Amino acid sequence: MRYEFRISGHVSRPVSQAFPELKAVAAPRQTLFFGVVTDEAHLYGLLGRFRDLGLRVEEMRLLPD
């Protein structure tokens, strides 16, 4: 399953590298992360990593294949 995560603010390159399975794209006032999430455990792991790095997830959505 492919997901999009919208993160508040701009995420630096070193911090975005903590998510090698996701592609980071800068947007106005946000950073978008896109990528394949393999299962529910992977999804919760990503959300935990965002939280641990102090990143605020504004929105996440499942993308069509």
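Residues numbered from 1 in each chain as written. Predicted model: local features only at pLDDT ≥ 70, side-chain atom pairs only at ≥ 80, totals over all residues. Heavy atoms only, no water.

Draft legend 1. Structural detail: the pattern of salt bridges. Taken as a whole and judged by the stated rule, the model has 6 salt bridges. As a salt-bridge pair, Arg61 and Glu59 come within 3.5 Å of each other at their nearest N and O atoms. With relative accessibility at 34%, the residue Arg61 sits in the partly exposed group. (Salt bridge = Lys/Arg side-chain N within 4 Å of Asp/Glu carboxyl O. Buried < 20%, exposed > 50% of the residue type's maximum accessible area, 1.4 Å probe, protein only.)

Draft legend 2. Looking closely at the environment of Arg49. Secondary-structure assignment places Arg49 in helix α2 (residues 40-52). Here Arg49 falls in the partly exposed class, since its relative accessible area comes to 27%. Aside from chain neighbours lying at most four places away, what touches Arg49 is Ala18, Phe19, Pro20 and Glu21. There is a polar contact of 2.7 Å between the side chain of Arg49 and the backbone oxygen of Ala18. (Helix = DSSP H or I, 4+ residues; strand = E, 2+ residues; numbered from the N terminus. Contact = heavy atoms within 4.5 Å. Polar contact = N/O pair within 3.5 Å; in protein donor to acceptor, adjacent residues only side chain to side chain.)

Draft legend 3. Layout of α2. Compared with an ideal rise of 1.5 Å per residue, which puts 13 residues at 18 Å, α2 spans 18 Å between its outermost C-alpha atoms and is within 8% of the ideal. Restricting attention to buried positions, one finds in α2 the residues His42, Leu43, Leu46, Gly48 and Phe50. Where α2 is buried, its residues meet β1 (2-8), β2 (22-27), β3 (30-36) and β4 (57-63). You can read the cap of α2 off the contacts: a side-chain oxygen lies 3.3 Å from the backbone nitrogen of Ala41, and it is on Asp39. Of the residues one or two after α2, Gly54 is the one with positive phi, at around 75°. (Expected span 1.5 Å × (residues − 1).)

Draft legend 4. Geometry of the nonpolar core. Within the largest apolar cluster, 12 residues are counted, these being Tyr3, Phe5, Ile7, Val11, Phe19, Leu22, Phe33, Val37, Leu43, Leu46, Phe50 and Leu55. Filtering out sequence-adjacent residues up to four positions away, Phe5 remains in contact with Leu22, Thr31, Leu32, Phe33, Val37, Leu43, Leu46, Leu47, Phe50, Glu59 and Met60. (Core = buried A, V, L, I, M, F, W, Y, C linked by side-chain atoms within 4.5 Å.)

Draft legend 5. Highlighting the pairing of β3. In terms of burial, β3 is largely enclosed, as 5 of its 7 residues are buried. Two elements, β1 and β3, share 7 bridges in a ladder whose sense is antiparallel. Note on β3: the bridge partner recorded for Phe5 is Phe33. One ladder, built from 6 bridges, connects β2 with β3; its direction is antiparallel. (Pairing = 2+ DSSP bridges.)

Draft legend 6. Region of the structure containing the environment of Val15. With respect to the element layout, Val15 can be found in helix α1 (residues 13-16). Between the C-alpha atom of Val15 and that of Leu55, which follows or precedes it by 40 residues, the distance is 9.6 Å. The residues contacting Val15, other than those within four sequence positions of it, are Leu53 and Leu55.

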